[in-house]
Amino acid sequence: MSVARALDFLRRRQAPDGEFATRLWRAGQEPGAGVRDHSVFVTACVLYGLRHVEPSRVADVERAAVRFLIRAMQPPGVWSYWTAASGKRIDPDMDDTALISFLLRRHHPHIALGSNVEAMLAARDGAGRFCTWLRPANRPNDVDPVVNANVVLHLGERRETRAACAYLRDCALAGSGSPWYYVDDAALHYAITRAAWHGVRALDDVGGALVDKALARQRRDGSFGDELCTAWTVSTLLNARSDQLEAIARAADWLVRRQLPHGGWPCVAAFAGPEPPGPRTFRWGSEELTTAACVEALARVAALPRLL
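Residues numbered from 1 in each chain as written. Predicted model: local features only at pLDDT ≥ 70, side-chain atom pairs only at ≥ 80, totals over all residues. Heavy atoms only, no water.

1. With respect to the overall build of the protein chain
- Within the protein chain one finds 13 helices and four strands.
- In summary, the protein chain has a C-alpha radius of gyration of 18 Å against a globular reference of 19 Å for 308 residues, a match within 12%.
- Judged by the C-alpha coordinates and their principal axes, the protein chain covers about 50 × 45 × 40 Å.
- The buried share of the protein chain, taken over its 308 residues, is 57%.
- Restricting the contact set of the protein chain to residue pairs at least 6 apart, pairs at least 24 apart contribute 69%.
- Only carbon and sulfur atoms are counted for the fraction: they give 52% of the accessible area of the protein chain, which is about 13,100 Å². (Helix = DSSP H or I, 4+ residues; strand = E, 2+ residues; numbered from the N terminus. Rg over C-alpha atoms; globule rule 2.2 N^0.38 Å. Buried < 20%, exposed > 50% of the residue type's maximum accessible area, 1.4 Å probe, protein only. Contact = heavy atoms within 4.5 Å. Areas by Shrake-Rupley, 256 points an atom, 1.4 Å probe, with all protein chains shown as cover.)

Following this line, the structure appears as structure tokens:
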């Protein structure tokens with residue numbers, strides 16, 4: 001029932017053009033003090049979460065979201081965080097481009113044929129890691145581990161992604177890097193294990209270390225922090241094929257108890273900015289984003305026979 005109510009919530013909250021809302025506020029404030037923003041990334045995150053639900057239950061929502069993302073595409077198949085409706089301009093970036101490309105492989109011929117791969121491979125630093133921004137080499141850029149995990153998710157395991165995979169392994173095993181554009185390391189652990197779960201074997205053996213990190217932060221009430229971090233961490237454990245079923249069940253029970261009367265979950269801070277050197281004065285998130293993460297986690301938990 002929790003997932004069914006959440007899907008009803010998402011269906012009600014999807015805009016006519018297919019977008020799912022993003023909220024923007026200043027660090028130190030509550031989300032309610034912020035304003036509506038328009039971004040492709042939250043819609044992409046929702047679309048990924050819905051992949052774990054029986055397709056017939058969400059086909060209409062997915063079709064509208066796919067159309068929204070395709071309309072926002074720029075040549076040669078790249079995306080910027082903000083949409084035209086935001087009234088703001090920003091360079092295309094690798095995070096949006098990689099995740100959306102992964103989602104649209106079956107929906108757009110240019111993406112299926114790899115029209116943007118050359119541009120993505122060109123956006124690497126001297127160490128072979130992927131930069132955040134698709135911009136000329138003479139302009140400032142940065143490297144974020146979650147961005148690299150999402151690029152590897154899309155491009156897969158290949159010669160050009162070896163350095164990114166090594167970087168991600170170092171982040172996971174040695175704790176050598178935290179994301180700049182994401183508020184909590186739970187996002188990084190989720191992104192790394194998601195890439196591994198989708199076939200990036202170079203990241204397979206970091207799952208155990210990330211499971212240990214997750215279990216170390218589980219609270220007495222079963223959560224791993226706020227609702228979004230808890231949902232992402234449940235999916236991290238499942239991506240890593242963890243056998244810690246009691247910990248997973250306790251977290252899932254906590255998420256069910258935290259579901260709001262309207263069927264969704266609260267808006268919490270997921271993303272941070274602006275780009276370095278900072279300071280990171282802004283936060284982004286939405287009820288729709290948190291809800292989609294909870295849908296993914298709870299739908300996957302429900303599919304585990306020993307937890308039914």
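2. A look at the environment of Val-117
- With respect to the helices, strands and loops of the structure, Val-117 is situated in helix H6 (residues 117–122).
- Separated by 38 residues in sequence, Val-117 and Leu-155 place their C-alpha atoms 7.8 Å apart.

3. Overview of the state of the cysteines
- Tallied over the entire structure, the rule returns zero disulfides.
- The thiol of Cys-45 is not disulfide-bonded; the next cysteine sulfur, from Cys-267, is found 13 Å away.
- Among the cysteines around Cys-229, which has no disulfide bond, Cys-294 carries the closest sulfur, lying 11 Å off. (Disulfide = S-S within 2.5 Å.)

4. So, empty space enclosed by the protein
- A complete count under the given rule lists three cavities of 30 Å³ or more for this structure.
- Each pocket or cavity is described by its volume, and for the largest cavity that value is around 160 Å³.
- Contributing to the lining of the largest cavity are 18 residues, with Cys-45, Tyr-190, Arg-194, Trp-232 and Leu-289 lying nearest its centre.
- The set of elements that each furnish at least two residues to the lining of the largest cavity consists of helix H2 (40–50), helix H7 (145–155), helix H9 (185–197) and helix H13 (287–302).
- Of the residues that constitute the lining of the largest cavity, the class distribution is 14 nonpolar, two polar and two charged.
- As a volume, the second largest cavity reaches approximately 60 Å³.
- Around the second largest cavity, the lining residues are Ala-186, His-189, Leu-210, Ala-214, Arg-217, Thr-233 and Thr-236.
- Secondary-structure elements contributing two or more residues to the lining of the second largest cavity are H9, helix H10 (207–216) and helix H11 (227–239). (1 Å grid on protein atoms, 1.4 Å probe; cavity = no way out; pocket = protein on both sides within 12 Å on 5 of 7 lines; lining within 4 Å. Points joined across faces, edges and corners; volume = space filled by probe spheres on them. Nonpolar A, V, L, I, M, F, W, Y, C, P; charged D, E, K, R; others polar.)

5. Considerations on the pairing of strand E4 (residues 282–285)
- Taken together, the four bridges between strand E1 (residues 22–26) and E4 define a ladder with antiparallel strand orientation. Bridge pairing in E4 places Leu-24 opposite Trp-284.
- Judged from the three bridges that link them, strand E3 (residues 271–273) and E4 form a sheet pairing that is antiparallel. For Ala-272, the partnering residue across the bridge sits in E4 and is Arg-283. (Pairing = 2+ DSSP bridges.)

6. Digging into the nonpolar core
- Ile-192, Leu-203 and Phe-271 are the most contacted members of the largest nonpolar core, which has 97 residues in total.
- Setting aside its immediate chain neighbours within four residues, Ile-192 contacts Ala-149, Leu-168, Ala-172, Leu-203, Val-206 and Leu-210. (Core = buried A, V, L, I, M, F, W, Y, C linked by side-chain atoms within 4.5 Å.)

7. A short note on the pattern of salt bridges
- The full count for this structure, using the stated rule, is 17 salt bridges.
- Of the charged contacts, one joins Arg-169 and Asp-205 as a salt bridge, the two residues approaching to 2.3 Å between their closest N and O atoms. With Arg-169 in helix H8 (residues 162–174) and Asp-205 in the loop between H9 and H10, the pair connects residues that are 36 residues apart, well separated along the chain.
- Note that Glu-296 is salt-bridged to Arg-300, the shortest N-O span being 3.1 Å. One end of the pair is Glu-296 and the other is Arg-300, both in helix H13 and four residues apart, which spans about a single turn. (Salt bridge = Lys/Arg side-chain N within 4 Å of Asp/Glu carboxyl O.)

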